[in-house]
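Here is how the chains run, residue by residue.
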Amino acid sequence: MELFGTAGIRGPVADTVTPELALDVGRAVGVEAETVVLGRDGRQSGTALVGAVEAGLTSAGASVVRLGQVPTPALAAASRGRYGVMLTASHNPPADNGIKLFADGVEFDSDAESRIESRVEDGVRSAEWADWGESRGADILRGYREEVADFARGHGDDLDGLTVAVDCGNGMASLATPQVIRALGGAVRALNANVDSHFDARGSKPTPETLTGLCDFVAGHETVELGIGHDGDADRIVIVDGEGEIVHEDTVLAILAEHYVRASEAVDPVVLTTPNASGRIDERVQAAGGRVERIALGALHEGIAEIRARTDPGAAVVFAAEPWKHIHPALGGWIDGVASAAVVARLVAAQGLDTLREPVTERPYLKSEVTCPDGLKRAAMADLETRLPDTYPEADVSTDYGVRLSFEDGSWTLVRPSGTEPYVRVYVESDDAQAMLADVKSVIGDAVETVD
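Since this is a predicted model, take the numbers as computed values, not measurements.

Peer 1: Looking at this structure, how should I read the environment of Thr273?
Peer 2: Note on placement: Thr273 falls in strand E12 (residues 268–273). Note: C-alpha distance between Thr273 and Leu175 (98 residues apart in sequence) is 28 Å. Discounting chain neighbours no more than four positions away, the residues touching Thr273 are Leu253, Val292, Glu293, Arg294, Ile295, Leu300, Ala321 and Glu322. A polar contact of 2.8 Å, which involves the side chain of Thr273, links it to the backbone oxygen of Ala321.

Peer 1: How should the packing of helix H13 (residues 377–391) against helix H14 (residues 433–451) be read in this particular structure?
Peer 2: Packed helix pairs are characterised by how far apart their axes lie and by the angle those axes make with each other. Interaxial distance between H13 and H14 falls to 9 Å at its minimum, and their mutual angle equals 135°. As judged from the angle between their axes, H13 and H14 are oblique. By crossing handedness, the relation of H13 to H14 is classed as right-handed. Residues Ala379, Ala380, Asp383, Leu384, Arg387, Leu388 and Thr391 of H13 form the contact with H14, whose participating residues are Val440, Val443, Ile444, Asp446, Ala447, Val448, Thr450 and Val451.

Peer 1: Would you mind going over the domain arrangement of the chain with me for this structure?
Peer 2: By a widespread convention, an interface's size corresponds to the accessible area lost as its parts come together. For the chain, the assigned domains read domain 1 (9–138), domain 2 (140–362) and domain 3 (365–451). Tallying the contact residues gives 29 residues for domain 1 and 27 residues for domain 2. Area buried by domain 1 at its contact with domain 2 is led by Pro71, Pro73 and His91, which between them contribute 26% of it. The interface formed by domain 1 and domain 2 contains three salt bridges. Put simply, Asp233 and Lys100 hold a salt bridge, and the shortest N to O gap is 3.6 Å. There are nine residue pairs in polar contact (both at pLDDT 80 or more) connecting domain 1 and domain 2. Secondary structure elements with two or more residues in the side of domain 1 that touches domain 2: strand E3 (63–69), helix H3 (72–78) and strand E6 (106–107). Considering every element that reaches the side of domain 1 that touches domain 2, the biggest residue donor is H3, with six residues. A class-by-class count of the residues in the side of domain 1 that touches domain 2 yields twelve nonpolar, ten polar and seven charged.

Peer 1: Can you walk me through the packing of helix H1 (residues 19–30) against helix H2 (residues 46–59) in this structure?
Peer 2: Viewed as axis vectors pointing N to C, H1 and H2 meet at an angle of 35°, and their least axial separation amounts to 7 Å. Two packed elements cross with a definite hand, and for H1 against H2 that hand is right-handed. Every residue of H2 that contacts H1 at Pro19, Ala22, Leu23, Gly26, Arg27, Val29 and Gly30 is listed here: Leu49, Ala52, Val53, Ala55, Gly56, Leu57 and Ser59.

Peer 1: What should I look at first to understand H1 in this one?
Peer 2: At 3.6 residues per turn, the α-helix brings residues three or four places apart onto the same side. When the terminal C-alpha atoms of H1 are compared, their 16 Å separation across twelve residues agrees well with the 16 Å that a helix rising 1.5 Å per residue should span. All of the buried residues in H1 are Leu21, Ala22, Val25, Gly26, Arg27, Ala28, Val29 and Gly30. Along its buried surface, H1 packs onto strand E1 (9–12), H2, strand E4 (83–87), strand E5 (96–103) and helix H4 (110–122).

Peer 1: Got a minute to help me understand the nonpolar core in this structure?
Peer 2: Across soluble globular proteins, nonpolar side chains have a tendency to be buried as a group. Counting 66 residues, the largest nonpolar core has Leu226, Ile239 and Phe319 as its most contacted members. The greatest single-element share of this core, amounting to nine residues, is contributed by helix H11 (residues 337–351). Each of domain 1 (9–138) and domain 2 (140–362) accounts for three or more of the residues forming this core. Setting aside anything within four residues of it in sequence, one finds Phe319 in contact with Leu253, Leu256, Ala257, Tyr260, Val270, Val271, Leu272, His326, Ile327, His328 and Pro329. Membership of the second largest hydrophobic core comes to 28 residues, among which are Leu3, Ala28, Val29 and Ala52.

Peer 1: Sorry, what's going on with the sheet that holds strand E19 (residues 412–417) here?
Peer 2: Two pairing modes exist for strands in a sheet, parallel and antiparallel, and in both the strands are linked by backbone hydrogen bonds. Strand order in the open sheet made by the five strands is E16-E20-E19-E18-E17, with antiparallel pairing throughout. The two strands at the open ends of the sheet, each matched to only one other strand, are strand E16 (365–371) and strand E17 (396–398). Across the sheet, the mean angle separating the axes of adjacent strands is 15° when strand polarity is ignored. Pairing geometry for E17 and strand E18 (residues 403–406), over three bridges, is antiparallel. Considered in E18, the bridge of Ser398 is made with Arg404. In this fold H14 packs onto E16, E19 and strand E20 (423–429), with an angle of close to 20° to the strand it touches most, E16.

Peer 1: It is not clear to me how the environment of Lys100 should be interpreted in this structure. Could you clarify?
Peer 2: The topology assignment puts Lys100 in strand E5. For Lys100, a relative accessible area of 2% puts it in the buried group. For the pair Lys100 and Ala395, spaced 295 residues apart in the sequence, the C-alpha separation amounts to 39 Å. If near-sequence neighbours (up to four positions away) are discounted, Lys100 is found in contact with Ala7, Arg10, Thr72, Gly84, Val85, Met86, Thr88, Asp233 and Asp235. A polar atom in the side chain of Lys100 sits 3.1 Å from the side chain of Asp235.

Peer 1: Sorry, what's going on with the layout of surface pockets here?
Peer 2: The probe, sized like a water molecule, is rolled over the atoms to show the empty space still left. Estimated volume of the second largest pocket: approximately 360 Å³. For the second largest pocket, the lining is made up of 19 residues, of which Asp282, Arg294, Arg404, Ser406 and Trp412 are closest to its centre. Among the elements that make up the lining of the second largest pocket, the one with the highest residue count is helix H9 (residues 279–287) (four residues). Here the residues of the lining of the second largest pocket are counted per class, giving six nonpolar, seven polar and six charged. No fewer than three residues from each of domain 2 (140–362) and domain 3 (365–451) sit in the lining of the second largest pocket.

Peer 1: Even after reading the chapter, I still don't get the UniProt feature "domain: Alpha-D-phosphohexomutase C-terminal" (unreviewed entry) in the chain, so can you show me in this structure?
Peer 2: Sequence positions flagged by UniProt for "domain: Alpha-D-phosphohexomutase C-terminal" (unreviewed entry) are, in local numbering, residues 399–436. For residues 399–436, helix accounts for 11% and strand for 45%, while the C-alpha atoms at its two ends are 19 Å apart.

Peer 1: What should I look at first to understand the pattern of salt bridges in this one?
Peer 2: Pairs can form between side chains of opposite charge whenever their charged atoms are close. Tallying each qualifying case throughout the model produces 27 salt bridges. Between Lys325 and Glu322 there is a salt bridge, and its shortest N-O distance comes to 3.7 Å. Within the structure, one salt-bridge network assembled from shared partners comprises Asp241, Arg280, Arg357, Glu362 and Glu429.

The rules behind each value
The numbering scheme is per chain: residues are counted from 1 as the chain's sequence reads. Local features are withheld for residues below a pLDDT of 70 in this predicted model, meaning they are given only at 70 or higher, and side-chain atom pairs are given and counted only at 80 or more; totals for whole chains, interfaces and linings count all residues. Computation of side-chain values: all heavy atoms of the structure, hydrogens and water removed. Starting at the N terminus, helices and strands are each numbered in turn, a helix being any DSSP run of H or I of at least four residues and a strand any DSSP run of E of at least two. Contacts were defined at the residue level, with two residues in contact if any of their heavy atoms lie within 4.5 Å. Between N or O atoms, a polar contact is any pair within 3.5 Å; within protein, one atom must be a potential hydrogen donor and the other a potential acceptor, and residues adjacent in sequence are included only when both atoms are from side chains. To define axes, lines are fitted to C-alpha atoms, for helices over the stretch in contact only, and angles between the resulting N-to-C directions are given on a 0 to 180 degree scale. Throughout, the term roughly parallel applies to angles under 35 degrees, roughly antiparallel to angles over 145, roughly perpendicular to angles from 65 to 115, and oblique to all others. Should the near helix be turned anticlockwise from the far one by less than a right angle, the crossing is termed left-handed; should it be turned clockwise, right-handed. What marks off one domain from the next here is an automatic or database domain assignment. Buried area: the accessible surface (1.4 Å probe) lost by two parts on joining, summed over both. By definition, a salt bridge exists where a carboxyl oxygen of Asp or Glu is found within 4 Å of a side-chain nitrogen of Lys or Arg. Under the grouping applied here, Gly and all other residues not named as nonpolar or charged are polar, the nonpolar ones being Ala, Val, Leu, Ile, Met, Phe, Trp, Tyr, Cys and Pro and the charged ones Asp, Glu, Lys and Arg. Expected span of a helix, by definition, is 1.5 Å for each gap between consecutive residues, and there is one gap fewer than residues. Note on classification: 1.4 Å probe, protein chains only; a residue is buried when its accessible area is under 20% of the maximum for its type, exposed when over 50%, partly exposed between these limits. Nonpolar cores were defined as sets of buried Ala, Val, Leu, Ile, Met, Phe, Trp, Tyr and Cys residues, with membership established by side-chain atoms within 4.5 Å. Being paired, for any two strands, means DSSP has found at least two bridges between them. In this analysis a 1.4 Å probe is tested at points of a 1 Å grid over the protein atoms alone, and where it fits but cannot get out there is a cavity; an open set with protein on both sides within 12 Å along at least five of seven lines is a pocket; lining residues have an atom within 4 Å of a point. Grid points are joined across faces, edges and corners, and a volume is the space filled by probe spheres set on the points. UniProt positions are given in the numbering used here, feature names are shortened, and annotations may be inferred rather than shown by experiment.

Structure representation (structure tokens):
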């Protein structure tokens, strides 16, 4: 059985994330948890699924604290010192839902997920009736918003009337980001800031296509200096400049990474990111006196734990991120788009977005794929571990998470197998990205033909 993807359990409620599965997962968590905070996003299926999880948790012996509709980062923060279960499919369409599991403010790692999968597969019996847990409600939103605002005050300057347009996408950011920006002194123009179970205003995934309303709004209002777009559960963030243009997600990451390195007092400040993240991040982190490490997509939490477990003197993870999703370690160990919105807004208030972007080298960045049947992926990647370095002998090579080639001029390419579709993914960042992409795809095509 394989329940978990890179961000919990997720899929259609019709046949994947069913009440039956939610009940089983609840029991599987409840046998090892004393107290569990339980929340959900605004999806139509959330009421039924949260009830099923609650029944599973309490019948296994755990006590439940019901939080109602909350952003995923608020649920994660509330899980410190206990367990947490969040019912959300994040940016997926409204017919989907999902289950994310937390312990002490951090998403379950792969070992913990394996325990849950095994219990669900084997079946978990209810505890004796006298050992069933109890359930109560709690309101944690005010405290979460205050904590995020207090954290953000340690970065940048007071917003002092900075006008920020926030597109909440009918999701959970409606309950947090506008309120935090206002608490920091900003003037908020909130778009789609009502919770809608069907995401009728726009798709729940913030993309150039779904954020046209935000971009047009910012471009059409001279007083609006910054735009922020969120996904359905408020762990992702997209930044829009004062001209109504989306800022590349890796530029946002580079700005935050450089800031946290410069602000850190650590002897060895580390920024943790993923193999598909731009070389512009490395450039800015190195300029600030830090260094970058990379970990597989979806494994930021495990990467942070690995670095902290080492004996490297002075090493400290000051920021961890993959595109659109950021962990602020000084705040907590969870992905938090609300905190990112607050910190970015204060940095913009201090320096202006153009000034923050100016030192970031924004080379063209392209993504594509080459068809490769699932059964051939392993052999194709083994072939590419030799074929790509032989084709580009001048490149530095890493094979930790796919094959990543880095060049002296700052260009790079990453080739990795898709975990969900019959493709080999390819990422390229270069001044001549189109030509490099064509060349790399040709090499991948030859490898697939060779192993077929």
